[in-house]
Amino acid sequence: MTRSISILGATGSVGASTLDLIRRNRDQWRVVALTANSSAGELGELAREFDAEIAVVGDEGCLGDLRDAVGNHCEAAGGRQALCEAAARPADITVAAIVGCAGLGPVMAAIERGGTVALANKEALVSAGEVMTDAVAKHGATLLPVDSEHNAIFQCLAGNRIEDVAKITLTASGGPFREWSQAQLDAATPAQAVKHPNWDMGAKISVDSATMMNKGLEFIEAHHLFPVGLDRLGIVVHPQSVIHSMVEYRDGSTLAQLGPSDMRVPIASCLAYPQRMDTPMPPLDLADIGQLTFFAPDEELFPATRVAREAVQAGGAAPAVLNAANEVAVAAFLAGKLAFTRIAVVVEQTLAQCTPPAPSSLDDVLAVDAEARSCAERMLETA
Ligand code: NAD
Ligand code: MG
């Protein structure tokens with residue numbers, strides 16, 4: 001039986017991992033929509049290879065190139081609205097793998113169609129929070145977590161009652177700078193920050209892993225996906241990235257999910273859900289790994305998890321402001337315009353300055369996002 005799939009952010013790291021799994025099981029899938037921001041040539045090639053129904057670039061200026069690349073093999077479209085329309089086309093599963101709040105509109109379009117959404121795009125959930133989870137409930141959509149930690153938690157919760165959960169612990173690799181001093185962190189370069197020890201990922205999430213803001217965003221993501229209460233959510237640093245997260249139950253049992261640090265494992269678990277499918281990864285060799293170690297996060301050197309926790313505790317617009325400010329600060333760092341350790345400072349200052357009312361619709365969230373971005377841009381001038 002073939003199933004249909006759309007991939008939002010098909011040219012990125014998660015998009016490529018998803019397409020790798022589809023390529024290995026080509027006869028089982030029909031590709032509906034593939035999207036990218038501006039890499040029209042690459043997207044066009046993928047659309048032809050996978051015989052997609054439609055290819056869409058978010059940047060309308062790239063539509064001409066996309067048309068040239070797809071020829072008459074499939075439909076081509078461009079612009080923000082076209083992304084949402086493509087996401088709203090019927091598909092058995094939509095993989096949401098756009099980076100940043102830019103993915104929010106398309107994700108909401110897929111949710112409003114009542115579909116199954118495999119969510120990698122954590123920034124969308126962090127910004128929209130209840131606006132998204134309410135839409136999931138209202139439209140009878142299904143959200144499957146792709147993020148490795150949340151996928152692990154989802155697997156550890158299967159067959160159990162959420163009321164019986166005593167604690168959910170997100171594991172964090174600690175990123176490339178885990179053992180660095182304050183002085184070294186102050187001088188960290190973009191090239192050093194994007195070189196993650198365990199995972200091969202897009203630039204933005206790699207910087208987030210280095211600052212630990214990735215774990216802060218994931219803490220907020222977990223709060224929305226698994227409503228056990230903020231006091232039952234914790235973070236532990238586990239440099240080997242073998243345990244992807246854990247759920248402790250009230251009887252003292254802790255369930256953990258282990259696996260290779262390759263996104264194809266959690267993506268496969270979403271694509272095949274509730275069944276399982278093959279992946280090309282070699283099985284874990286625990287004797288070879290030898291040791292699994294764990295540390296409490298150092299929030300003096302890496303304040304981002306504290307800033308994120310305070311934002312979700314404050315609630316309202318704060319998580320959307322946090323996310324927007326972080327996107328602006330990370331982009332400035334990658335462009336060589338902001339020091340690594342100023343990223344969290346810009347985020348915290350933006351949170352203090354920008355306090356819009358709580359958003360209650362998609363448009364509200366997008367307005368908060370825009371306001372927080374301009375505020376963060378102003379912070380950059382003095383950072
Ligand atoms: P990436 O930068 O490699 O790819 C991003 C994709 O989104 C690309 O296809 C790009 O064309 C598209 N895109 C970027 N900006 C856009 C815009 N403004 N409008 C439309 N499309 C746009 O990113 P990634 O590492 O694949 O991460 C994607 C998402 O998945 C992020 O939210 C990230 O946090 C999450 N995630 C990634 C990993 C990983 O291993 N890479 C793991 C867990 C979660
Ligand atoms: Mg993760």
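Residues numbered from 1 in each chain as written. Chains lettered and ligands numbered in written order. Predicted model: local features only at pLDDT ≥ 70, side-chain atom pairs only at ≥ 80, totals over all residues. Heavy atoms only, no water.

1. A short note on the pairing of strand E4 (residues 75-78)
Looking along a regular strand, one sees the side chains alternate between the two faces of the sheet. Quick reminder of the rule: When DSSP finds at least two bridges between two strands, those strands are taken to pair. Only DSSP runs of H or I reaching four residues or more are called helices, and only runs of E reaching two or more are called strands; each is numbered from the N terminus. By convention, a crossover is right-handed whenever its connection, traced from the first strand over the helix to the second and viewed with the strands pointing away, goes clockwise.
Where strand E3 (residues 54-57) lies against E4, four bridges are found, and the strand directions are parallel. Looking at the pairing, Val 57 lines up with Gly 78 of E4. This β-α-β element, E3 to helix H3 (residues 63-70) to E4, shows right-handed connectivity.

2. A short note on the nonpolar core
When a protein is soluble and globular, its nonpolar side chains tend to lie buried together. Let me state the cut-off plainly: Only buried residues count toward a nonpolar core, which is a set of Ala, Val, Leu, Ile, Met, Phe, Trp, Tyr and Cys residues joined through side-chain atoms within 4.5 Å. Classification of residues uses two cut-offs on accessible area relative to the type maximum, computed with a 1.4 Å probe and protein chains only: under 20% is buried, over 50% is exposed, and between them is partly exposed. Here, two residues are considered to be in contact whenever any of their heavy atoms come within 4.5 Å of each other.
In terms of nonpolar packing, the biggest core is built from 78 residues, with Ile 111, Met 132 and Leu 322 touching the most fellow members. Ranked by the residues each element gives to this core, the list is headed by helix H16 (residues 318-334), at 11 residues. If we skip the residues at most four places from it in the chain, Ile 111 touches Val 117, Met 132, Ala 135, Val 136, His 139, Ala 141 and Leu 143. Ranked by size, the runner-up nonpolar core spans 39 residues in total, among them Ile 5, Ala 120, Val 146 and Met 201.

3. A few points about the pattern of salt bridges
Pairs can form between side chains of opposite charge whenever their charged atoms are close. Convention followed: Put simply, a salt bridge is a Lys or Arg side-chain nitrogen that is within 4 Å of an Asp or Glu carboxyl oxygen.
With the rule as written, the count across this model stands at 22 salt bridges. Across the pair Arg 24 and Asp 20 runs a salt bridge, and its minimum N-O distance is 2.8 Å. In this pair, Arg 24 and Asp 20 both sit in helix H1 (residues 13-24), four residues apart, roughly one turn of the helix. By relative accessible area, Arg 24 is classed as partly exposed at 49%.

4. Regarding the coordination of the magnesium ion (ligand 2)
The condition is simple: A donor here means any N, O or S atom no more than 2.8 Å from the metal (3.2 Å for Na, K and Ca); water is not included, so a site may seem to lack partners.
With distances of 2.1 to 2.2 Å, the protein atoms coordinating the magnesium ion (ligand 2) are Asp 147 (OD), Glu 149 (OE) and Glu 218 (OE). Sequence spacing of the donor residues for the magnesium ion (ligand 2), all on one chain, is D-x1-E-x68-E. As far as the burial class goes, Asp 147 and Glu 149 line up, both buried.

5. Thoughts on the layout of surface pockets
Note the threshold: With a 1 Å grid laid over protein atoms only, a set of points is called a cavity when a 1.4 Å probe fits there but cannot get out and a pocket when it is open yet has protein on both sides within 12 Å along at least five of seven lines; lining residues have an atom within 4 Å of a point. Grid points are joined across faces, edges and corners, and a volume is the space filled by probe spheres set on the points. Here the nonpolar group is Ala, Val, Leu, Ile, Met, Phe, Trp, Tyr, Cys and Pro; Asp, Glu, Lys and Arg are the charged ones; every other residue, Gly included, is treated as polar. Residue ranges for the domains originate in an automatic or database domain assignment.
Volume-wise, the largest pocket comes out at about 880 Å³. Taken together, 46 residues make up the lining of the largest pocket; nearest its centre are Val 14, Ala 97, Val 99, Gly 202 and Ile 205. Counted by class, the lining of the largest pocket contains 16 nonpolar, 21 polar and nine charged residues. Residue assignment places the lining of the largest pocket across two domains, with domain 1 (3-145) and domain 2 (150-261 + 292-299) each supplying three or more. For the second largest pocket, the lining is made up of 15 residues, of which Phe 154, Gln 155, Leu 157, Ala 158 and Tyr 273 are closest to its centre. Going through the elements one at a time, strand E7 (142-145) and helix H8 (148-157) are the ones with two or more residues in the lining of the second largest pocket. The element that contributes the greatest number of residues to the lining of the second largest pocket is H8, accounting for three residues. In terms of residue class, the lining of the second largest pocket is made up of 11 nonpolar, three polar and one charged.

6. What to know about the domain arrangement of the protein chain
Selection rule: Values labelled buried area give the accessible surface lost by two parts on being combined, using a 1.4 Å probe and summing over both.
Annotation of the protein chain at the domain level lists domain 1 (3-145), domain 2 (150-261 + 292-299) and domain 3 (315-383). One C-alpha centre belongs to domain 1, the other to domain 3; they are set 26 Å apart. Tallying the contact residues gives 10 residues for domain 1 and 12 residues for domain 3. Buried surface at the junction of domain 1 and domain 3, summed over both partners, amounts to about 790 Å²; 73% is from carbon and sulfur atoms.

7. Overview of the environment of Gln 184
Of note, Gln 184 is situated in helix H9 (residues 182-186). For Gln 184, a relative accessible area of 41% gives the class partly exposed. Gln 184 sits 100 residues away from Leu 284 along the chain, and the two C-alpha atoms are 34 Å apart.

8. Looking at the site of ligand 1
Cut-off, in case you're wondering: By convention in these notes, a residue is near a molecule or strand provided one of its non-hydrogen atoms lies within 4 Å of it. Here a polar contact is taken to be a pair of N or O atoms separated by no more than 3.5 Å, where protein atoms must pair a possible hydrogen donor with a possible acceptor and residues adjacent in sequence count only if both atoms sit in side chains. Shrake-Rupley sampling with a 1.4 Å probe provides the accessible areas, and residues are treated as covered by the protein chains on show and by no other component. Should more than half of a molecule's atoms lie within 2 Å of a pocket's or cavity's grid points, that molecule is taken to sit in it.
Around ligand 1 lies a shell of 23 residues, among which Thr 11, Ser 13, Asn 37, Glu 123 and Gly 202 are the nearest. At a separation of 2.7 Å, an oxygen atom of ligand 1 approaches a polar side-chain atom of Thr 11. Summarising the interface, the protein chains cover 88% of the accessible area of ligand 1, which totals 830 Å² for the free molecule. Spatially, ligand 1 is embedded in the largest pocket. For the shell around ligand 1, the elements supplying multiple residues, two or more each, are H1, helix H4 (80-88) and helix H6 (122-128). Here the shell around ligand 1 is built from residues that sort into 12 nonpolar, seven polar and four charged.

9. Observations concerning H3
A turn of α-helix holds 3.6 residues, and therefore any two residues three or four places apart point the same way. What counts here: This arc is taken over the directions from the axis of the helix to the C-beta atoms.
Turning to H3, its buried residues are Leu 63, Leu 66, Ala 69 and Val 70. All buried residues of H3 fall inside an arc of 120° around its axis, so they share one side. Summarising the contacts, the buried residues of H3 are in contact with helix H2 (40-49), E3 and E4. One or two positions beyond H3, positive phi appears at Gly 71, with a value near 55°.

10. Describing the pairing of strand E5 (residues 93-96)
Burial of the side chains of E5 extends over both faces: Ile 93 and Val 95 are buried on one face and Thr 94 and Ala 96 on the other. With helix H5 (residues 104-112) bridging E5 and its parallel neighbour strand E6 (residues 116-119), the resulting β-α-β unit is right-handed.

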